[in-house]
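# Descriptive analysis of the structure
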Amino acid sequence: MTYKIAYIGFGSIAQEVARIMQEEEDFPCVQLVLLRDGSKALDNLPNYVMPMFSFHKMLACKPDIVIEAASQEAVWQYASATMKYGFPFVVSSVGALADQAEREKMLAAATIGNAKLIIPSGAVAGLDYVQAIKRIPDAQLIYESRKPVQAWTEELKALGVNPEQLQESYVLYQGVAQEAALKYPKNLNVAATLAMAGLGMDKTQVRVVADPQIQRNQHLIEVKSSLGSMRVELTNLPSTNNPKTSGVVAHSVAATIFKHCSRLQIA
């Protein structure tokens, strides 16, 4: 069987996912990407990815799965329409789901089309445990995102902080996942993913830190409940093309595609 994979956007994440899929010998596939006329991505589009300039023509190709790898706005624009037609939709910009009205609209569309809205694990681990304790009344989840200053240059400048002169850790945000994911749409997808898997957007605590002493993205997840506790620490190398994103994210999206198409699934 030859699978059809469609991408919305072709930045660093989609490019890496497409490469992984192309090199998987046991996974024959046709790859499509939705682009605007004159998109810069056309200049470096590999020959194994077919450009599409119409959303409806892309869906007419009947993709097995559609991957958003563009922005929160792309999720809001295309997710519902994709799922109404019955095609599963993978959200890379998970922070888009922090908008409750948009999230409800997407889930309603998924019901209409009997499709699935799929969230990859991305840069985080331990989601199986987080899902398991979500119905425990006393459960608590705290997530800390600690990234190099380079990942927060624009945000620090907006706060009046000179990134080049920062000597100590700087807390940009402390609060709940819903606000964090919407406030920092390019950096806080992990917060949204944890919230969706577990206690919800308004009960997942988030701390965002810019740290001049580190060169890798660090994630700390602490969960406590009457069933026990979990502490997970991850250190991810940033993507070579985008310091706001961990390099492992593209591999997580690829794993999500393989899992979706496989007859064997590990829950």
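### Examining the side chain of Ser 80
- If you trace the backbone, Ser 80 turns up in helix 3 (residues 72–84).
- The residues touching Ser 80, leaving out its near neighbours within four places in the chain, are Lys 105, Met 106 and Ala 109.

### Considering the packing of aromatic side chains
- In the structure shown here, the tally under the stated rule is 5 aromatic pairs.
- Considering the side-chain rings of Phe 27 and Phe 258, the 5.1 Å spacing of their centres and the 90° angle between planes classify their relative orientation as edge-to-face. Separated by 231 residues along the polypeptide, Phe 27 in the loop between helix 1 (12–23) and strand 2 (29–34) and Phe 258 in helix 9 (residues 248–261) bring together distant segments of the chain.
- The exposure class of Phe 258 is partly exposed, given its relative accessible area of 25%.
- When the centroid spacing of 5.1 Å and the interplanar angle of 80° are considered together, the rings of Trp 152 and Tyr 184 count as edge-to-face. Of the two residues, Trp 152 sits in the loop between strand 7 (140–147) and helix 6 (153–158) while Tyr 184 sits in the loop between helix 7 (177–183) and helix 8 (189–197), which places them 32 residues apart along the sequence.

### Focus on the sheet that holds strand 5 (residues 89–91)
- The strand order across the open sheet formed by 6 strands is 3-2-1-4-5-6, and the pairing between neighbours is parallel. The sheet is open, and its two borders are formed by strand 3 (49–52) and strand 6 (117–118), each paired with just one other strand.
- Both strand 4 (residues 65–68) and strand 5 contribute to a ladder of 3 bridges, which runs parallel. Bridging across to strand 5, Ile 67 finds its partner in Val 90.
- Contacting strand 1 (3–8), strand 2, strand 4, strand 5 and strand 6, helix 3 crosses the sheet at an angle of about 160° to strand 5.

### Some remarks on the pairing of strand 1
- With 5 of 6 residues buried, strand 1 lies mostly within the body of the structure.
- Across 6 bridges, the pairing between strand 1 and strand 2 is parallel. Bridge pairing in strand 2 places Lys 4 opposite Val 30.
- With respect to chirality, the unit in which strand 1 leads through helix 1 into the neighbouring parallel strand 2 is right-handed.
- The pairing of strand 1 with strand 4 spans 4 bridges and is parallel. Paired with Ile 5 across the two strands is Ile 65, which belongs to strand 4.

### So, the pattern of salt bridges
- One pass over the structure, following the stated rule, counts 8 salt bridges.
- Taking the shortest distance from any N to any O, the salt bridge between Glu 16 and Arg 19 comes out at 2.6 Å. Note that Glu 16 and Arg 19 are positioned in helix 1 at a spacing of 3 residues, about one turn of the helix.
- Between Glu 23 and Arg 19 there is a salt bridge, and its shortest N-O distance comes to 2.7 Å. Separated by 4 residues within a single helix, Glu 23 and Arg 19 lie in helix 1, roughly one turn from each other.

### What about helix 8?
- Taken across its 9 residues, helix 8 has 7 buried, putting it largely inside the fold.
- Listed as buried for helix 8 are Val 190, Ala 191, Ala 192, Thr 193, Leu 194, Ala 195 and Ala 197.
- On the buried face of helix 8, the contacting elements are helix 5 (127–132), strand 7, helix 7, strand 9 (204–210) and strand 10 (217–225).

### Concerning the sheet that holds strand 7
- If you walk across this open sheet you meet the 5 strands as 8-9-7-10-11, and the pairing is mixed. Looking at the sheet topology across the chains shown, the edges are occupied by strand 8 (170–176) and strand 11 (228–236). Looking at each pair of strands side by side, their axes are set apart by 10° on average, direction ignored.
- The pairing of strand 8 with strand 9 spans 6 bridges and is classified as antiparallel. Note that in strand 9 the partner of Gln 174 across the bridge is Arg 207.

### Re the pairing of strand 10
- Bridge count for strand 7 against strand 10 is 7 bridges, and the pairing is antiparallel. Opposite Tyr 143, over in strand 10, you have Ile 221 as the bridge partner.
- Pairing of strand 10 with strand 11 involves 9 bridges; the strand directions are antiparallel. Each bridged residue has a counterpart across the sheet, and for Gln 218 the counterpart in strand 11 is Thr 235.
- In this antiparallel pair of consecutive strands, strand 10 and strand 11, the connection spans 2 residues.

Quick notes on the rules
- Residues numbered from 1 in each chain as written.
- Predicted model: local features only at pLDDT ≥ 70, side-chain atom pairs only at ≥ 80, totals over all residues.
- Heavy atoms only, no water.
- Helix = DSSP H or I, 4+ residues; strand = E, 2+ residues; numbered from the N terminus.
- Contact = heavy atoms within 4.5 Å.
- Phe/Tyr/Trp six-rings, centres within 6.5 Å; stacked < 30°, edge-to-face > 60°.
- Buried < 20%, exposed > 50% of the residue type's maximum accessible area, 1.4 Å probe, protein only.
- Pairing = 2+ DSSP bridges.
- Axes fitted to C-alpha atoms, helices over the stretch in contact; angles between N-to-C directions.
- Right-handed = clockwise from strand over helix to strand, strands pointing away.
- Salt bridge = Lys/Arg side-chain N within 4 Å of Asp/Glu carboxyl O.

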